[in-house]
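Single-letter residue listing:
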Amino acid sequence: MGKVRIVDVAREAGVSLGTVSNALNHPEKVRPETRKLIDEAIQRLGYLPNQSARLLAGGRTNTIGLVLPGLTSGCSLQIANGARNEAMRHGYDLLVMSSDGDSALEDRYLNFFVGIQVAGILVQPAPSMKQRAAAELPVPTVYLDVPWVSDRVASVGAHYRAQGRLIAEHVLARGAERVAVVGRAENAQLAERLEGIRDMFPGYGDVSLEIYNEGATSGSGDGARLGAMLASRNERVRPDAIIGLTDAIAMGALAGVMAAGCSVPHDIMVAGCDGNPLAWGGPLPLTTCSPAGYELGRKGAQLIIERVMWDEEHAREAKRAVLRGFGGIAQEGPPVAHETVRPFLLERASTARGILEPLDVSGASAGVPATDVAAGIPEYDAGAYL
């Protein structure tokens, strides 16, 4: 078979040449059922679009670039899924890069995406990285999961303080009187989550709050130690609810409580805050907040596509103005969008006091010696589930 041309695709799909061109270059302009016909024709014929020719002609790819700080975080993986699904719904592809928390590598990938002329760029920067000015990037750019907002940079963020409030309100409504928070507030997101937890206690009278600002929040080893320590206290002074600043440390605390011989949730309720599915492989389903990552990615891709459509429409208007003899009219850009994803509660067995029958999840019944907590508790590190 000779080289397949775009005209062959049009003939095979039973559509015009212009419709195939739009499907390849401006998929948002073509109805989904027509795009499906064209995609099927492309697959049957083995047509390969000439991306180089498109770029040389000053076009862009139908690709959205996504830079993540790593691929061991449940939130980052959810962001990728949400962005991919939204992109595909509009006929775009998603290209994902991981910076491994390296600011130089993040800049390199941003420049790479600009170089291959992607339609837009999504960035989830590591908490320690500074936000790069969007004005430096000549393509639509949206920052994801950022606790700060710049008037120059479009962003989609999660409401971290609301996450803390939601979880604290939940355990208090379930009758908690002594609450302990575990996990080191090592970045702005976790600090906001902790402040949200604090917000709920002034209105609850004699309810006590202890904060253990220690323990790595990316794994469960420290959570297991802290959970076992708290559960080993005298019944009159031990907490009846433990909140982990992340799900990973909360799952560790849950296992530590069980290994110390206490029942969850009958003796001690345990809850996480960040909706991380990678940390849900423990012995009991964990109460947490909504997994916001999917919505962060979805909304981010949606903002990119809306901006691309806006740019194309105003480019057409400018061209029409030139043809009518009104050239040189400056077009203001669209307002910079800032959106916030609000959390919702995912209540599970770890806090279902008074709703479910108490489970026999003591250390002895689980086969974990109460005297050897560290040796008997599995490590629920998020990276181990990839």
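Position numbers for residues start from 1 in each chain and track the written sequence from start to end. Totals for whole chains, interfaces and linings use every residue, but because this is a predicted model, local features are given only for residues with pLDDT of at least 70 and side-chain atom pairs only at 80 or more, for both listing and counting. With hydrogens and water set aside, each side-chain value is computed from the structure's full complement of heavy atoms.

Trainee: Describe the overall build of the protein, and please don't skip the residues or the numbers.
Mentor: To qualify as a helix, a DSSP run of H or I must reach at least 4 residues; to qualify as a strand, a run of E must reach at least 2; elements of each kind are numbered from the N terminus. Secondary structure summary: the protein contains 12 helices and 12 strands in total. Here the protein, with 386 residues, has 48% of them falling under the buried criterion. Long-range contacts, defined as pairs at least 24 residues apart, comprise 74% of the intrachain contacts of the protein with a sequence gap of at least 6. Per-residue accessibility takes into account occlusion by the displayed protein chains alone, with areas from the Shrake-Rupley method and a 1.4 Å probe. For the protein, the computed accessible surface area is about 18,000 Å², with 53% contributed by carbon and sulfur atoms. Any residue under 20% of the maximum accessible area for its type is buried, any over 50% is exposed, and the rest in between are partly exposed; the area is computed with a 1.4 Å probe on protein chains only. Here, two residues are considered to be in contact whenever any of their heavy atoms come within 4.5 Å of each other.

Trainee: Please give an account of the side chain of T141 that cites residues and values.
Mentor: One can find T141 in strand 4 (residues 141-144). N or O atoms within 3.5 Å of each other form a polar contact, as long as, within protein, one can give a hydrogen and the other can take it, and as long as residues adjacent in sequence are counted only when both atoms are side-chain atoms. Reaching out from T141, the side chain makes a polar contact with the backbone oxygen of V139 at a distance of 3.0 Å.

Trainee: Lay out the packing of aromatic side chains with the relevant residues and their values.
Mentor: Working definition: a ring pair exists when centres of Phe, Tyr or Trp rings (six-membered ring for Trp) sit within 6.5 Å. Plane angles under 30 degrees give stacked, over 60 give edge-to-face, the rest tilted. In this structure the tally under the stated criterion is one aromatic pair. Taken together, a centroid distance of 5.9 Å and an interplanar angle of 50° make the contact between F112 and F113 tilted. Look at F113 and you get buried, because its relative accessible area is 0%.

Trainee: Give me the pairing of strand 2 (residues 93-98): which residues, what numbers.
Mentor: In terms of strand pairing, strand 1 (residues 63-68) meets strand 2 through six bridges, oriented parallel. Residue pairing for strand 2: G65 is matched across the bridge by L95. For the crossover that starts at strand 1, traverses helix 5 (residues 74-89) and ends in the parallel strand 2, the hand is right-handed. Two strands qualify as a pair provided DSSP detects at least 2 bridges between them. When the strands point away from the viewer, a crossover counts as right-handed if the path from the first strand over the helix to the second runs clockwise.

Trainee: Summarise the nonpolar core; cite the residues concerned and give the values.
Mentor: Here, the term nonpolar core denotes a set of buried Ala, Val, Leu, Ile, Met, Phe, Trp, Tyr and Cys residues that are joined through side-chain atoms within 4.5 Å. By size, the foremost hydrophobic cluster in this structure holds 24 residues, and its most contacted members are I64, L66, Y92, L122, V142, L144 and V156. Every element with two or more residues in this core is listed here: strand 1, helix 5, strand 4, strand 5 (154-158) and helix 11 (293-323). The element that contributes the greatest number of residues to this core is helix 11, accounting for six residues. If you look at the next biggest cluster of nonpolar residues, it comprises 23 residues, including A231, I268, V270 and L286.

Trainee: Report on unusual backbone geometry, specifying residues and quantitative values.
Mentor: Negative phi values dominate among residues other than glycine, just as trans dominates among peptide bonds. With an omega of 10°, the peptide bond between V264 and P265 qualifies as cis. Inspection of the secondary structure puts P265 in the loop between helix 10 (247-259) and strand 9 (269-271). Despite not being glycine, D100 has its phi angle at roughly 55°, a positive value. On the secondary structure map, D100 appears in the loop between strand 2 and helix 6 (103-115). Note on D100: relative accessible area 61%, which makes it exposed. At D145, a residue that is not glycine, the phi angle is positive and equals roughly 60°. Tracing the backbone shows D145 in the loop between strand 4 and strand 5.

Trainee: Could you give an account of helix 3 (residues 32-45), with specific residues and numbers?
Mentor: Each residue after the first adds 1.5 Å to the expected span of a helix. Helix length check: helix 3, at 14 residues, gives a terminal C-alpha distance of 20 Å against a target of 20 Å (1.5 Å per residue), a fit within 8%. In the segment just after helix 3, G46 is the residue with positive phi, at about 75°.

Trainee: Please provide a residue-by-residue account of the side chain of S155, values included.
Mentor: By secondary structure assignment, the location of S155 is in strand 5. Residue class for S155 comes out buried when judged on its relative accessible area of 3%. In terms of polar contacts, S155 uses its side chain to reach the side chain of H338, at 3.0 Å.

Trainee: Got a sec to walk through the pattern of salt bridges? Specific residues and values, please.
Mentor: As a working rule, side chains carrying opposite charge can pair if their charged atoms are close by. In what follows, salt bridge is the name for a side-chain nitrogen of Lys or Arg lying within 4 Å of a carboxyl oxygen of Asp or Glu. Taken as a whole, this structure holds 18 salt bridges when the rule is applied. Between E12 and R44 there is a salt bridge, with the nearest N and O atoms lying 2.9 Å from each other. Separated by 32 residues along the polypeptide, E12 in helix 1 (residues 6-13) and R44 in helix 3 bring together distant segments of the chain. The class for E12 is partly exposed, based on a relative accessible area of 37%. K36 is the salt-bridge partner of E40, the closest N and O atoms lying 2.6 Å from each other. Of this pair, E40 and K36 both sit in helix 3, four residues apart, which is roughly one turn of that helix. Through salt bridges that share partners, E86, R89, E295 and R298 make up one connected network.

Trainee: I'd love a proper account of the packing of helix 1 against helix 2 (residues 17-25), names of residues and values included.
Mentor: Orientation of helix 1 relative to helix 2, taken along the N-to-C sense of each, is 105°, at an axis distance of 8 Å. Between helix 1 and helix 2, the crossing angle belongs to the class labelled roughly perpendicular. Residues I6, V7, V9 and A10 of helix 1 pack against L17, V20, S21 and L24 of helix 2. To get an axis, fit a line to the C-alpha atoms, keeping to the stretch in contact for a helix; angles then go from 0 to 180 degrees between the N-to-C directions. Should an angle fall under 35 degrees it is taken as roughly parallel, and over 145 as roughly antiparallel, whereas 65 to 115 is taken as roughly perpendicular and any remaining angle as oblique.

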